[in-house]
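Okay, here's what each chain looks like letter by letter:
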Amino acid sequence: MTTLNPIPTTLIPGDGIGPEVVKATIAVLEALGAPFKWETQLAGMAAFNACGDPMPPALIDSIRKNGLALKGPLSTPIGEGFRSANVRLRETFGLYANVRPALTIVPGRFDKIDIVLIRENLEGFYVAHEHYLPVGDDPRAVALSSGANTRVGINRIARYAFEYAVKHGRKKITIVHKANVLKVLTGLFLEEARNVAREYEGRVAVDDRIVDACAMQLVLNPWQFDMLLCSNLFGDILSDELAGLVGGLGLAPGANIGKDVAIFEAVHGTAPDIAGKGIANPISLLLASGLMLDHVGHPELATRLRTAIDLTLNQDNVKTTDLGGKATTVAFTEALVKRLKSA
Ligand code: ATP
């Protein structure tokens, strides 16, 4: 066996089910012979409990140095002044592109789904310009929120999506918007994304959908879609819908990509209802680590990983409870490791 060059990578166990699915993922990547050299760092609630800061400087330094991280889900301390740790990580490292592929592995209600959603990660309503206006003795009588989409930011995410389509042989991009109502905020998104689309004419087809119609069409006929290009909030919502089409949050990976840094994660959150019970499905994070292997130039390892997951689920019939099986996180991980070692 050839020894691959070690790749220093920041590892964030995270909160809730994070440490359980991260532990499973590390065991599987080791069995696969993936060359990541882990640097474990705390973030979110775990970091807040340890040192009073959900984003400690050591975490930031490690990610900046490595340019690569695998992250468990994070929770944000409750209270004034704490913004989502996930959002802050994206902002700190300029992770403007969120890539969320939805691919059927376990045929369920819908079979043969293969859609990639590209979500703008830094703008829209997530800039969080929010405040209350007092009326009479009610200090929170009116809630105000404004979003911001910039032509530069839209151009950058649209270009990323079209380049992704060219590189991965995808045929069509659907731009998602609400330009009939949010005429300025999402009208500009549609306009600038169409400008970029023109440069790819003849190579990548383009159409557009109003977000509500898109949500319905995804359930009625998901096979008409190839790639979705979404602003921040619409992308957040539709990517959970996509996860639902392919079997739930336990099967949905995500990548956050910037110019110098990439952070890979599961789409799901901390799932506090099942944390510590040993039943979490680690596949989302495993698939995210597959995206990370593609990103660092080891697609052959990513393919081996995806094939082994497929065989463990569909031939060995070992599944966690969210997929209708009986396996614990550990039992699924052991079955997957056995598959990898026998291949
Ligand atoms: P957060 O507040 O961090 O977003 P949440 O519970 O509101 O957490 P998710 O963590 O995304 O939202 O999950 C929603 C539900 O989906 C969970 O309550 C859990 O039952 C289920 N779920 C999510 N991820 C998994 C997983 N990996 N394995 C099994 N079930 C999961």
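In the block above lies the structure referred to throughout.
Quick caveat: nothing in here was measured; it's all calculated off a predicted structure.

**What about the overall build of the protein?**
Moving on, step 1. When its secondary structure is counted, the protein shows eleven helices and twelve strands.
Moving on, step 2. A globule of 343 residues ought to have a C-alpha radius of gyration of about 20 Å, and the protein, at 20 Å, matches this closely.
Moving on, step 3. Each principal axis of the C-alpha atoms in the protein carries an extent, and together these give about 60 × 50 × 40 Å.
Moving on, step 4. In the protein, of all internal contacts separated by at least 6 residues, the share reaching a separation of at least 24 is 72%.
Moving on, step 5. Approximately 15,700 Å² of the protein is accessible, and the part contributed by carbon and sulfur atoms is 56%.
Moving on, step 6. Positive and negative side-chain charges of the protein, numbering 35 and 36 respectively, have mean locations separated by a distance of 4 Å.

**Section: the pattern of salt bridges**
Pairing between side chains becomes possible if they bear opposite charge and their charged atoms approach one another.
Moving on, step 1. In total, this model carries 16 salt bridges according to the counting rule given.
Moving on, step 2. Here Lys65 ties to Glu39 by a salt bridge, and the two come within 2.6 Å at their closest N and O atoms. With Lys65 in helix H3 (residues 57-66) and Glu39 in strand E2 (residues 36-40), this residue pair connects regions lying 26 residues apart in the sequence.
Moving on, step 3. Close ionic contact of Asp260 with Lys259 constitutes a salt bridge, the shortest N to O distance being 3.7 Å.
Moving on, step 4. With a relative accessible area of 59%, Asp260 lands in the exposed category.
Moving on, step 5. Three or more residues are tied together by salt bridges with common partners; here these are Asp114, Arg170 and Asp226.

**Quick word on the site of the ligand**
Moving on, step 1. Every residue close to the ligand is listed here: Ile17, Leu249, His268, Gly269, Thr270, Ala271, Pro272, Asp273, Ile274, Ala280, Asn281 and Asp322.
Moving on, step 2. One nitrogen or oxygen atom from the main chain of Gly269 is found 2.8 Å from an oxygen atom belonging to the ligand.
Moving on, step 3. A distance of 2.9 Å separates a nitrogen atom of the ligand from a polar atom in the backbone of Asn281.
Moving on, step 4. Burial of the ligand by the surrounding chains reaches 62%, relative to a free accessible area of 610 Å².
Moving on, step 5. Grouping the constituent residues of the shell around the ligand by class yields six nonpolar, four polar and two charged.

**Topic: the layout of surface pockets**
Any empty space left between atoms is shown by rolling a water-sized probe over those atoms.
Moving on, step 1. Considering only enclosed or pocket space, the largest pocket measures out at about 790 Å³ in volume.
Moving on, step 2. What lines the largest pocket is a set of 27 residues, and nearest its centre among them are Pro101, Tyr164, His168, Leu291 and Asp294.
Moving on, step 3. Within the residue set of the lining of the largest pocket, elements represented by two or more residues are strand E4 (97-103), strand E5 (114-120), helix H5 (151-168), strand E11 (253-257), helix H9 (283-295) and helix H10 (299-314).
Moving on, step 4. At five residues, the largest contribution of residues to the lining of the largest pocket is made by H5.
Moving on, step 5. Here the residues of the lining of the largest pocket sort into 16 nonpolar, four polar and seven charged.
Moving on, step 6. Of the domains in this structure, domain 1 (1-93 + 260-343) and domain 2 (102-247) are the two that each give at least three residues to the lining of the largest pocket.

**So, the side chain of Thr329**
Moving on, step 1. Checked against the element boundaries, Thr329 lands in helix H11 (residues 329-342).
Moving on, step 2. Residue Thr329 is classed as buried on the basis of its relative accessible area, which comes to 5%.
Moving on, step 3. When near neighbours in sequence (up to four residues on either side) are disregarded, Thr329 contacts Glu20, Ala24, Gly278, Ile279, Ala280 and Pro282.

**Observations concerning the pairing of strand E1 (residues 7-12)**
Moving on, step 1. Most of E1 is tucked away, with five of its six residues classed as buried.
Moving on, step 2. Judged from the five bridges that link them, E1 and E2 form a sheet pairing that is parallel. Its bridge partner lying in E2, Leu11 is registered against Thr40.
Moving on, step 3. Taking the sense of rotation as the criterion, the β-α-β connection linking E1, helix H1 (residues 18-32) and E2 turns out right-handed.
Moving on, step 4. Summarising the sheet, E1 and strand E3 (residues 68-71) pair through three bridges and their orientation is parallel. Within the sheet, the bridge partner assigned to Thr10 lies in E3 and is Ala69.

Definitions and cut-offs
- Residues numbered from 1 in each chain as written.
- Predicted model: local features only at pLDDT ≥ 70, side-chain atom pairs only at ≥ 80, totals over all residues.
- Heavy atoms only, no water.
- Helix = DSSP H or I, 4+ residues; strand = E, 2+ residues; numbered from the N terminus.
- Rg over C-alpha atoms; globule rule 2.2 N^0.38 Å.
- Contact = heavy atoms within 4.5 Å.
- Areas by Shrake-Rupley, 256 points an atom, 1.4 Å probe, with all protein chains shown as cover.
- Lys, Arg positive; Asp, Glu negative; His and termini not counted.
- Charge placed at Lys NZ, Arg CZ, Asp CG, Glu CD.
- Salt bridge = Lys/Arg side-chain N within 4 Å of Asp/Glu carboxyl O.
- Buried < 20%, exposed > 50% of the residue type's maximum accessible area, 1.4 Å probe, protein only.
- Near = heavy atom within 4 Å.
- Polar contact = N/O pair within 3.5 Å; in protein donor to acceptor, adjacent residues only side chain to side chain.
- Nonpolar A, V, L, I, M, F, W, Y, C, P; charged D, E, K, R; others polar.
- 1 Å grid on protein atoms, 1.4 Å probe; cavity = no way out; pocket = protein on both sides within 12 Å on 5 of 7 lines; lining within 4 Å.
- Points joined across faces, edges and corners; volume = space filled by probe spheres on them.
- Domains from an automatic or database assignment.
- Pairing = 2+ DSSP bridges.
- Right-handed = clockwise from strand over helix to strand, strands pointing away.

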